[in-house]
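Coordinates in review
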Amino acid sequence: MIVLALESSTSSAKAMLYDTEQGVLDVASKPFPASVSNDGISDTEQVSRMTLEVGAQVARGKEVAAVALCGTWHNVALMDDRLQPLGQTYSWNYLAPSKSCAAMRQDAALTDFLYQRTGCMPHTSYPRQALLYLQSNGMNLSDKRYLSQGGYTFYQLTGEYCDSVSTASGSGLVNVHSLQYDASILEMLGITEAQLPPIATYRDTRPLNAWGAEQLGIAAGIPVVPAYPDGALNQISSCAAQVGKMTLSLGTSAAIRLTADKPVLPEGHQLWCYYGVTGWMLGAATAGAGNCINWFMQDCFRNKWSFQDFEQAPEEQKPLPVFLPFLFGERCPGWQDSRKGGFVGIEPHHSVEDLYRGMQAGILFNLYQCFEILRDLAGRPEEILVSGGILNSPRWTQMLADIWGQEIACVPTLNASTMGAIILALHAAGAIDDVWSFRADYEQAAHVQPRPEFRDYYGEQYRRYLEWYPKML
């Protein structure tokens, strides 16, 4: 049995074709050019078109049994009353609302009200804040309808207007306790529930329509699963259903996630809480990760060094420059949209290799800072499952294990979120009874042990990071 997953990520369109007998048959991706996606604003129609194009590239002419969709967790597309895009989708990295978010966070009562109801802080990450910003700049919100980017592709393929409960829970518009749109939030925006997509689950599949079948080159009538967000699908593909298992994904941005059996909302607001595929998820997201690496390699040094050059550099236990990975603002734990980052503590003896290694450490320290809060709130996880681009660097992966001081399992999924969509497609096609039963990649995970001799060394580097963290507001 063959199934297809389509993903519209922050930076590219992706597709994966999977066979229950042979595994992954084909993968395709295409980066979004700046004309399609730039600075957190993307062309809704073009993103969907490119996603369907890469889907057709791998699936055309194949006997596909089901299709599932993946999108980012925080984005909103503006639609007219006929559900045609008005041009733009605003995503988590749209930073224009940062000043208005900062002003809103000055109101402690309002901040706590929004967080405790939705699990989403007043922060540029969330569609709620993008809509409030657009409204404050003269946009009329009452004459439009709203949908996620993945939800729009689902609408194109099926004619059904809906978003998954998981995507909706990351919008800042849904009550995290009831999993329904929150009337008080909608009143704040001046919109009604009728302007928003009905909330669906992965069981609410709809048949592929004739137009979608033609675009993808596959048969009409097969089930299509509503779009789920990348973070929730990562949790599925990493087999982290059980309470006590944590996933850590590090790609363009980074996140840690822990499955929970109820909403968990710390008083300090440092973490987020959304609904995943079958239950709640507690975690933290950081804006700076692989995008910082790309900035360093491409923008700063014009690709004069290769990743392999840095992998082979001597690994000395000497003080590193401190890197604060807030080039794209801060998400967790401080939610400071306008926080700036960069290197501090550079000394004459530091080399470009030291800068690179310090940058890798700083990205992980931001994540570890969030992890300490999560650990104190929910306990140390029994298992940490790591995925994403970090696994392309054995040295960086080892550094993660050393900083955490705990064994990590490296889940060898090429695209963990896309594979999560494959799992939902397999369920829709009847190939599996339980979305948590798929364990192929988990069973192939490599395990990395922390090196005791590096624990104190990285502990000292982390202490220096924490000294600089409050100074860089």
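I will try to describe carefully the structure that is included in this document. (Residues numbered from 1 in each chain as written. Predicted model: local features only at pLDDT ≥ 70, side-chain atom pairs only at ≥ 80, totals over all residues. Heavy atoms only, no water.)

This part is about unusual backbone geometry. Going from Cys332 to Pro333, the amide bond is cis rather than trans, its omega being 0°. With respect to the element layout, Pro333 can be found in the loop between β18 (322–324) and β19 (342–344). Here Asp39, not a glycine, exhibits a phi torsion of approximately 55°, which is positive. If you trace the backbone, Asp39 turns up in the loop between β4 (37–38) and β5 (41–43). (Helix = DSSP H or I, 4+ residues; strand = E, 2+ residues; numbered from the N terminus.)

Here the focus is the nonpolar core. With 96 residues, the main nonpolar core has Leu248, Leu250, Ile256, Trp272, Ile363, Trp404 and Leu424 as its most contacted residues. In terms of residue count, helix α12 (residues 352–378) provides more of this core than any other element does, 13 residues in total. Excluding its chain neighbours within four sequence positions, the residues that come into contact with Leu250 are Ala289, Gly290, Ile363, Leu364, Leu367, Ser387, Gly388, Gly389, Ile390 and Trp396. Ranked by size, the runner-up nonpolar core spans 29 residues in total, among them Leu4, Leu6, Met50 and Phe154. (Core = buried A, V, L, I, M, F, W, Y, C linked by side-chain atoms within 4.5 Å. Buried < 20%, exposed > 50% of the residue type's maximum accessible area, 1.4 Å probe, protein only. Contact = heavy atoms within 4.5 Å.)

Along helix α9 (residues 230–237), seven of the eight residues are buried, which leaves the element largely enclosed by surrounding structure. Among the residues of α9, those classed as buried are Gly231, Ala232, Leu233, Asn234, Gln235, Ile236 and Ser237. Of the residues one or two after α9, Cys239 is the one with positive phi, at around 60°.

This part takes up the packing of helix α1 (residues 44–59) against helix α5 (residues 149–158). At their nearest, the axes of α1 and α5 sit 10 Å apart, and the two run at 65° to each other. α5 is crossed by α1, and the crossing has right-handed handedness. Counting all contacts with α1, which are made through Thr44, Glu45, Val47, Ser48 and Leu52, the residues of α5 involved are Gln149, Tyr152, Thr153, Gln156 and Leu157. Grouping the constituent residues of the contact of α1 with α5 by class yields four nonpolar, five polar and one charged. (Axes fitted to C-alpha atoms, helices over the stretch in contact; angles between N-to-C directions. Left-handed = near helix turned anticlockwise from the far one by under 90°. Nonpolar A, V, L, I, M, F, W, Y, C, P; charged D, E, K, R; others polar.)

For the rest of this paragraph, the subject is helix α13 (residues 394–404). In terms of burial, α13 is largely enclosed, as ten of its eleven residues are buried. Following α13 by one or two positions, Gly405 has its phi on the positive side, about 65°.

With that out of the way, let us pick up the environment of Gln369. Structurally, the position occupied by Gln369 is in helix α12. Residues Gln369 and Tyr465, spaced 96 residues apart in sequence, show a C-alpha to C-alpha distance of 9.7 Å. Sequence-distant contacts of Gln369, that is, excluding residues within four places in its chain, are made with Pro333, Tyr462, Tyr465, Leu466 and Tyr469.

Let's shift gears to the environment of Leu69. Of note, Leu69 is situated in strand β6 (residues 64–71). A residue is classified by how much of its surface remains accessible, and Leu69, at 3% relative accessible area, is buried. Along the sequence, Leu69 and Ala421 sit 352 residues apart, while their C-alpha atoms lie 6.1 Å from each other. Setting aside its immediate chain neighbours within four residues, Leu69 contacts Leu6, Gly150, Thr153, Phe154, Leu157, Val225, Pro226, Ala227, Tyr228, Leu233 and Ala421.

With that settled, consider the side chain of Asp182. Considering the arrangement of structural elements, one finds Asp182 in the loop between α6 (165–169) and α7 (183–189). Residue Asp182 is classed as buried on the basis of its relative accessible area, which comes to 2%. At 3.1 Å, the side chain of Asp182 and the side chain of Asn175 are in polar contact. Filtering out sequence-adjacent residues up to four positions away, Asp182 remains in contact with Arg117, Leu173, Val174 and Asn175. (Polar contact = N/O pair within 3.5 Å; in protein donor to acceptor, adjacent residues only side chain to side chain.)

This part is about the sheet that holds strand β9 (residues 145–147). Taken together, five strands build an open sheet; the order of strands is β4-β5-β8-β7-β9 and the sheet is antiparallel. Pairing within the sheet leaves two strands with one partner each, and these edge strands are β4 and β9. Note that strand β7 (residues 75–79) and strand β8 (residues 85–91) share four bridges and pair antiparallel. Pairing of Asn75 across the sheet is with Ser91, part of β8. α1 contacts β5, β7 and β8 of the sheet and is inclined by roughly 65° relative to β5. Sheet strands in contact with helix α4 (residues 127–136) are β7, β8 and β9, and its direction is about 45° off that of β7. (Pairing = 2+ DSSP bridges.)

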